[in-house]
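A look at the structure
Each chain is listed here by its residues.
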Amino acid sequence: ENDYHLLSGAIMQEAHSDVEVNALTPPQHLILWVIRTWFRGMALGEEALPVIEQSFAATGMPEVIGDVDEFFSMLACGAMGPYSIGCSSCLYLHRFEICVINALAAFQQNQWDKATHMLEAYIKPDEAYMAGPPARRFAMTMSAMNWIIHPLIMAQEEAETPPGAVVIPFPKRPCRKD
């Protein structure tokens, strides 16, 4: 399994952030798993919603699946350029994954403008605005179940990548524990 870069099925490598998966809280980890599972399903043409729905049902939130699917569909359809998502065993988060977690944390704290501006780093402004209602319902459903989403902070900010640029990670951090 490789990290994959999503836009019209394109695959491309991108540097990881310095945020480690094992440092995540349970709500952050659930969101990361949903991101990786949903987008991997989309990239490979596999149906990911049933397994995601089972996971939310197990956490007492079966009703959130429609909002999750709508939110991630807006992220996929509104992409302004390629963005990367880690494989299921990747040890570090990618910047896009951090953005989604942080946007959901902002929605959970009723910071609508902050959340949509975060999303605008990856999707068109109209899509960021339209993604707001399902994202907020997703975040508030988690809040109602006491799944509080804390924002993530990277130890060092990474330089912005120009649209269409190919990023070659150096040094490449491992995706799998060996």
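Rules and cut-offs
- Residues numbered from 1 in each chain as written.
- Predicted model: local features only at pLDDT ≥ 70, side-chain atom pairs only at ≥ 80, totals over all residues.
- Heavy atoms only, no water.
- Buried < 20%, exposed > 50% of the residue type's maximum accessible area, 1.4 Å probe, protein only.
- Helix = DSSP H or I, 4+ residues; strand = E, 2+ residues; numbered from the N terminus.
- Contact = heavy atoms within 4.5 Å.
- Core = buried A, V, L, I, M, F, W, Y, C linked by side-chain atoms within 4.5 Å.
- Axes fitted to C-alpha atoms, helices over the stretch in contact; angles between N-to-C directions.
- Parallel < 35°, antiparallel > 145°, perpendicular 65-115°, else oblique.
- Left-handed = near helix turned anticlockwise from the far one by under 90°.
- Nonpolar A, V, L, I, M, F, W, Y, C, P; charged D, E, K, R; others polar.
- pLDDT = per-residue confidence, 0-100.

**As for unusual backbone geometry**
With phi around 60 degrees, asparagine 110 is a residue other than glycine that occupies positive phi space. Overall, the relative accessible area of 52% leaves asparagine 110 in the exposed class. For asparagine 146, which is not glycine, the phi torsion reads 65 degrees and is therefore positive. Tracing the sequence through the fold places asparagine 146 in the segment after α6 (125-144). For asparagine 146, a relative accessible area of 66% puts it in the exposed group.

**A few points about the environment of tyrosine 92**
Counting through the fold element by element, tyrosine 92 comes out in the loop between β2 (83-85) and α4 (95-108). Note: C-alpha distance between tyrosine 92 and asparagine 22 (70 residues apart in sequence) is 8.5 Å.

**What to know about the environment of phenylalanine 107**
Of note, phenylalanine 107 is situated in helix α4. Once the C-alpha coordinates of phenylalanine 107 and arginine 137 are considered, the two residues, 30 residues apart in sequence, prove to be 8.5 Å apart. Not counting residues within four places of it along the chain, the set of residues in contact with phenylalanine 107 comprises Trp112, Ala115, Thr116, Leu119, Gly132, Ala135, Arg136, Ala139 and Met140.

**With respect to the nonpolar core**
One finds Phe39, Phe71, Phe72, Leu75, Leu119 and Phe138 to be the most contacted residues of the largest nonpolar core, which totals 48 residues. For this core, the secondary structure elements donating two or more residues are α1 (26-44), α2 (49-58), α3 (65-77), β2, α4, α5 (112-119) and α6. The greatest single-element share of this core, amounting to ten residues, is contributed by α4. In this view, leucine 119 contacts Phe71, Leu75, Cys99, Ala103, Phe107, Ala128 and Ala131; residues no more than four positions away in its chain are not counted.

**Some details on the side chain of glutamate 127**
Here glutamate 127 shows up in helix α6. Here glutamate 127 is in contact with Met74 and Gly78, once residues within four sequence places are set aside.

**Some points on the packing of α4 against α5**
Where α4 contacts α5, the axes come no closer than 8 Å and their chain directions differ by 165 degrees. Considering their axes alone, α4 and α5 lie roughly antiparallel with respect to each other. By crossing handedness, the relation of α4 to α5 is classed as left-handed. Along the contact surface, α4 presents Cys99, Asn102, Ala103, Ala106 and Phe107, while α5 presents Trp112, Lys114, Ala115, Thr116, Met118 and Leu119. Grouping the constituent residues of the contact of α4 with α5 by class yields eight nonpolar, two polar and one charged.

**What about the packing of α5 against α6?**
Relative orientation of the contacting elements α5 and α6 amounts to 120 degrees, with a least axis distance of 9 Å. Compared by their axis directions, α5 and α6 come out oblique. Considering the relative orientation of α5 and α6, their crossing is right-handed. In this structure, α5 uses Trp112, Thr116 and Leu119 to contact α6, whose residues at the interface are Ala128, Tyr129, Ala131, Gly132, Pro133 and Arg136. Of the residues contributing to the contact of α5 with α6, the split by class is six nonpolar, two polar and one charged.

**Comments concerning the confidence of the model for the protein chain**
Residues shown with low pLDDT carry predicted positions that ought not to be read at fine detail. For the protein chain, the mean per-residue pLDDT works out to 81, and 76% of the residues sit at or above 70. Of the regions scoring below 50 in pLDDT, residues 1-15 engages in 57 contacts with residues more than four places distant in sequence or in other chains. Considering only residues more than four positions removed or in separate chains, one finds that residues 156-178, a stretch of pLDDT under 50, has 37 contacts.

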